[in-house]
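Geometric and topological summary
This is what each chain is made of:
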Amino acid sequence: MSTSSHSYPMSSGDDQHSYIYNSSYQKACIDGNEEKTRRYILEKFDLLNLNSDLNTLNIADFGCSIGPNTFHAVQYIIDGVKSTHENRLVPLEFQVFFNDQPNNDFNTLFRTQPASSKGEYFSFGVPGSFHGRVLPRNSIHIGHTSYATHWLSEIPEHVCDKKSPAWNNYYIHCNNLIEDVTKAYKVQFTKDMRVFLEARAEEIVPEGLMIILGQCLPDGVPHSETWQGVVVDMIGDCLMDMAKLGVTTVEAIELFSIPVYFPQFSELEREIEQYRSFTLEMMEIISHPLEDIPLSNEFMTSMFRAIFYTIIKEHFGQGVVDELFDRLAKKLTKYPIDFKKCKKHVNYFMLLKRK
Ligand SMILES: C[S@@+](CC[C@H](N)C(=O)[O-])C[C@H]1O[C@@H](n2cnc3c(N)ncnc32)[C@H](O)[C@@H]1O
């Protein structure tokens with residue numbers, strides 16, 4: 001059987017392996033967009049037009065994980081809204097809805113919430129898949145999601161079926177080297193993105209905003225040529241080495257394919273433009289503050305461990321995780337990533353307005 005649960009939250013808790021301490025790559029981009037977030041809220045968010053009697057503003061972060069990035073993103077939105085409506089007689093109150101899969105570590109999320117947020121907003125946990133409604137109709141004024149929508153609702157059909165032309169061979173992710181596999185991933189991504197946006201269109205009020213931040217591929221660049229793709233292929237090679245030693249099996253690897261898809265920039269833009277419930281106000285490539293700095297092997301190993309811990313543990317068993325990432329660290333030392341030669345993912349910032 002291929003991996004059956006479709007929910008793989010980031011590494012939980014607050015020990016050294018937790019997403020909390022291994023998400024600074026994503027955080028750098030969220031922080032780097034603080035100014036942009038404020039500016040676009042100022043330009044595009046007309047609270048008075050929305051509802052002149054409004055006293056409570058509702059914000060939702062979809063795929064929030066366990067922090068700290070979600071707290072930063074939410075704070076930038078609140079700061080943006082506050083700066084646009086400084087002269088209100090009755091100050092606005094804020095409610096923030098933190099959404100993620102039910103097996104996300106919500107206890108750690110709320111336990112590590114910054115003290116400063118207490119007087120700033122009221123917090124709510126919203127467990128459930130964002131590939132469907134998780135909040136009441138017409139209830140959210142500003143939605144946000146970062147580094148989450150590339151996670152698919154399931155492994156695309158046939159990529160783990162050895163008899164299918166869309167079989168992903170011994171690769172463990174969509175590296176764009178097999179055309180039928182790319183097609184299968186793309187079909188699933190298109191379906192999931194549509195479901196995501198249809199659900200948000202119901203939840204977000206007319207004139208409300210949806211901010212989407214994420215990573216995709218530059219046009220014409222296969223994932224296998226990016227440093228991120230190379231590292232994930234290396235994780236696959238480490239699993240193969242472990243299968244040869246009997247720590248796992250080739251059969252388990254054949255049935256494993258990570259449900260993550262990075263579209264190319266224009267492909268994503270075309271998809272988004274099709275959704276009639278939103279206008280695409282802005283979509284741009286943003287520079288990543290760390291993009292010209294070669295990352296250390298330790299940094300990459302810890303980051304990928306935090307992201308893939310749950311899916312690896314569920315499919316291959318807890319016992320495989322430590323050895324797998326030890327081996328990845330060693331492989332990266334033996335075959336260092338050539339950051340000059342490798343291509344990069346691009347980071348994008350997208351602003352949608354509910355019609
Ligand atoms: C890489 S983390 C990003 C976390 C945070 N937004 C950030 O920018 O650092 C991706 C998150 O999306 C969540 N996620 C993936 N699929 C989801 C779904 N269908 N519904 C809700 N959350 C989902 C994962 O559980 C994970 O916490």
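As a reminder, the structure under discussion sits directly above these lines.
Quantities reported herein were computed from a predicted structural model and do not represent experimental measurements.

When helices and strands are tallied, the chain shows eleven helices and seven strands. Its C-alpha radius of gyration of 20 Å places the chain within 12% of the 20 Å reference for a compact globule of 355 residues. Once the C-alpha set of the chain is aligned to its principal axes, its extents read approximately 70 × 40 × 40 Å. Counting the 355 residues in the chain, one finds 56% classified as buried. Sequence-distant contacts, at least 24 apart, represent 84% of the contacts inside the chain between residues at least 6 apart. Surface accessibility of the chain: about 15400 Å² in total, with carbon and sulfur atoms responsible for 50%. Charge separation in the chain, taken as the distance between the mean sites of 34 positive and 46 negative side-chain charges, equals 2 Å.

Our next topic: the packing of helix α7 (residues 227-244) against helix α10 (residues 297-316). Relative orientation of the contacting elements α7 and α10 amounts to 45 degrees, with a least axis distance of 12 Å. When the axes of α7 and α10 are compared, the pair comes out oblique. In this structure, α7 meets α10 at a crossing whose hand is right-handed. Counting all contacts with α7, which are made through Trp227, Gln228, Val231, Val232, Ile235 and Leu239, the residues of α10 involved are Met300, Met303, Phe304, Phe308 and Phe316. For the contact of α7 with α10, the per-class residue count stands at ten nonpolar, one polar and no charged.

Attention now moves to the pairing of strand β5 (residues 204-216). Of all 13 residues that make up β5, eleven are buried, and the element is covered over most of its length. The pairing of strand β4 (residues 140-146) with β5 spans six bridges and is parallel. When the sheet's bridge partners are listed, Thr145 is paired in β5 with Ile212.

Moving on, we get to the environment of Tyr185. Secondary-structure assignment places Tyr185 in helix α6 (residues 179-203). Each C-alpha atom, one on Tyr185 and one on Pro263, is 9.3 Å from the other, the two residues being 78 residues apart in sequence. Apart from the residues within four sequence positions on either side, Tyr185 is in contact with Leu152, Pro156, Val159, His173, Cys174, Ser257, Ile258, Pro259, Val260 and Tyr261.

Thresholds, definitions, all that
Residues numbered from 1 in each chain as written. Predicted model: local features only at pLDDT ≥ 70, side-chain atom pairs only at ≥ 80, totals over all residues. Heavy atoms only, no water. Helix = DSSP H or I, 4+ residues; strand = E, 2+ residues; numbered from the N terminus. Rg over C-alpha atoms; globule rule 2.2 N^0.38 Å. Buried < 20%, exposed > 50% of the residue type's maximum accessible area, 1.4 Å probe, protein only. Contact = heavy atoms within 4.5 Å. Areas by Shrake-Rupley, 256 points an atom, 1.4 Å probe, with all protein chains shown as cover. Lys, Arg positive; Asp, Glu negative; His and termini not counted. Charge placed at Lys NZ, Arg CZ, Asp CG, Glu CD. Axes fitted to C-alpha atoms, helices over the stretch in contact; angles between N-to-C directions. Parallel < 35°, antiparallel > 145°, perpendicular 65-115°, else oblique. Left-handed = near helix turned anticlockwise from the far one by under 90°. Nonpolar A, V, L, I, M, F, W, Y, C, P; charged D, E, K, R; others polar. Pairing = 2+ DSSP bridges.

No statement about biological role is implied by the geometric values presented.
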